[in-house]
Structures are given as structure tokens and as C-alpha cells.
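Examining the three-dimensional arrangement
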Amino acid sequence: MQLVSSTQWEQIGDEIHAWHAALDREEKVPGQLEATLSLEEKARADRFHFVNDRNRFVVARGLLRELLGRYLHQAPADVEFSYGQHGKPSLSGKDASSGLCFNLSHSSGLVVYAIARERNLGIDVEHVRPDSAGDDIARRYFSAREVSDLRTLPPEARVEGFFHCWTRKEAYLKATGMGLQIPLDSFAVSLLPGQSAQFLGGVEPR
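Now for a look at the structure at hand. (Residues numbered from 1 in each chain as written. Predicted model: local features only at pLDDT ≥ 70, side-chain atom pairs only at ≥ 80, totals over all residues. Heavy atoms only, no water.)

Digging into the overall build of the protein chain
- Summing up its helical and strand segments, the protein chain has six helices and seven strands in all.
- Ordering the α and β elements of the protein chain from the N terminus gives β-α-α-α-β-β-β-β-α-α-α-β-β.
- The C-alpha radius of gyration of the protein chain comes to 18 Å, within 12% of the 17 Å expected for a compact globule of 206 residues.
- Along the three orthogonal principal directions, the C-alpha set of the protein chain runs to about 50 × 35 × 35 Å. (Helix = DSSP H or I, 4+ residues; strand = E, 2+ residues; numbered from the N terminus. Rg over C-alpha atoms; globule rule 2.2 N^0.38 Å.)

Details of helix α5 (residues 144-151)
- Looking only at α5, the buried set comprises E146, V147, D149 and L150. Down the axis of α5, the buried set is contained in an arc of 160°. They therefore lie on one face. What points out from α5, more than 90 degrees from its buried face, is the exposed set A144 and R151.
- Contacts made by the buried residues of α5 are with α4 (135-141), α6 (158-176) and β6 (187-189). (Buried < 20%, exposed > 50% of the residue type's maximum accessible area, 1.4 Å probe, protein only. Arc of directions from axis to C-beta. Contact = heavy atoms within 4.5 Å.)

Digging into the pairing of strand β1 (residues 17-22)
- What you see with β1 is a clean split: H17, W19 and A21 sit on the buried side and A18, H20 and A22 on the side with no burial.
- Two strands pair when backbone bridges link them, and β1 and strand β5 (residues 110-117) are joined in this way by six bridges, in the antiparallel orientation. Residue pairing for β5: H20 is matched across the bridge by V112. (Pairing = 2+ DSSP bridges.)

Regarding the pattern of salt bridges
- A full pass over the atoms with the stated rule returns seven salt bridges.
- A salt bridge links E146 to K169; the nearest nitrogen and oxygen atoms lie 2.9 Å apart. Taken together, the positions of E146 in helix α5 and K169 in helix α6 put the pair 23 residues apart, joining distant regions of the chain. Across this residue pair, the class does not change: E146 and K169 are buried.
- A single network of salt bridges, built from pairs that share partners, joins E34, D46 and R54. (Salt bridge = Lys/Arg side-chain N within 4 Å of Asp/Glu carboxyl O.)

Here's the deal with the packing of aromatic side chains
- With the rule as written, the count across this model stands at 10 aromatic pairs.
- Their ring planes at 35° and their centres at 5.1 Å tell us that F142 and F162 sit as a pair that is tilted. Placement of the pair is F142 in the loop between α4 and α5 and F162 in helix α6, with a sequence separation of 20 residues.
- Classification of F142 by relative accessible area gives buried; the value is 3%.
- Ring geometry for F187 versus F199: centroids 6.1 Å apart, planes at 15°, classification stacked. (Phe/Tyr/Trp six-rings, centres within 6.5 Å; stacked < 30°, edge-to-face > 60°.)

Details of unusual backbone geometry
- Its identity as a non-glycine residue notwithstanding, S108 has a phi of 55°, on the positive side.
- The topology assignment puts S108 in the loop between β4 (100-107) and β5.
- In this structure S108 comes out as partly exposed when scored by relative accessible area, which is 42%.
- In the Ramachandran plot, E118 falls in the positive-phi region, its phi being about 55° despite a non-glycine side chain.
- The topology assignment puts E118 in the loop between β5 and α4.

So, the side chain of S92
- Within the fold, S92 resides in the loop between β3 (89-91) and β4.
- For S92, a relative accessible area of 14% gives the class buried.

Points about the nonpolar core
- Grouped together as the largest cluster of nonpolar side chains are 27 residues, with contacts concentrated most on L68, L91, L100, F102, Y113 and I115.
- If you list the elements that add at least two residues to this core, you get β1, α1 (28-34), α3 (51-72), β4 and β5.
- The greatest single-element share of this core, amounting to 10 residues, is contributed by α3.
- Apart from residues lying up to four places away in sequence, L91 is in contact with L68, L72, V79, E80, F81, S82, A96, S98, L100 and F102.
- Grouped together as the second largest cluster of nonpolar side chains are 18 residues, V147, L150, A157 and I182 included. (Core = buried A, V, L, I, M, F, W, Y, C linked by side-chain atoms within 4.5 Å.)

This is the structure:
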């Protein structure tokens, strides 16, 4: 299965590798990837009501195992995971001392992964739905600074700004491993189109 990267496996060093892949695959692919999953992952897959959602979960986890297996030079089925208090996954068992860290996110038919060494990683992807980018949602979940920045944008740019903000906040929360224990409106990130992704203040990561 071909994924996209600008670097080679062994060149990770101090870099952060970002990968993306499609989740909707030929009918045989989910079955092939499911064979590499743990019993716990298979049980989670079986809890999905719809077959399409189940297959997307299987593909996302199976591709994660393929990626990590290549970095670790071992079979995908041999990769072991543990989960933090708020559900963040990490390597466990014999791989825990490798220093390899990762995070993943999927939305609609796309999955993204971040992989690095000895870093707190968070990554997020969202399907852009203009009807989900309303002012009421921004006022409820964004910081005062973010709401102010969003209002400076012309109407045609606000959806892009909204999702810049939302994905960056979600990625930050995932990097901390605290999830929604940190209120979304307690910190600020950049959101203006053309502005680089930045943490602008508020709660600092532990």
C-alpha cells in the first residue's frame, strides 16, 4: 500500500514525518489489514454499526501498524500499543524504549499520521463542512482572541479560518495527551489564512 512521504524511513532523526492515506480501499484490503490487528482492535472494529465505518477503522489501524512496523523493522502484527489516561496511544512492550512517538487522525475518507522521536505529537484532520463553522460554535469553543481574529476575515475566508483554528486546537490537545480536560477556549492558536500554525498563548503543555 503506497503512502506519501518526503523522507525515507531511516532519516527520521529530529524530524517529524507526516503521512496521509485514503481509507476507502478495494474490498480485499480491510481483510488483509485486519489480520495484523490485536484482539482488542478487532473488538473495537466489531462495535461499529455500519460496515463502511468498520472498514475505515480497520484500514486506519492497519496502515498505522504497517508504518510503525517499517520504522521498527518488525512485522505489523508484532507492534504493541498502550493507552494513556485519556486514550492517547503509544508504543508499549519491547517497543516502548524505541523513542518512536506517533499520533493519528481520520475524517471522512482520509487518515493522517505524525511520527517522530521523543516528542509530544498531535495531528488532526477534519472534513470541511461550512454549516459546522458558525459564529455560535466559535463563540462557544474558541478563545476571545481567536473569535476576534475570525471576525477580521471577510465572509468568504471565515470557513477556512475556522477550520485552521479547529484542527490546530485539536492537534494541540492530542499532543498534551489531556484531551478535553483542557478547555478549548483556554488557549489560542493562529487561524488567519497564510499565517503559519502557532500556539499563541494560554495553557502550556506539561
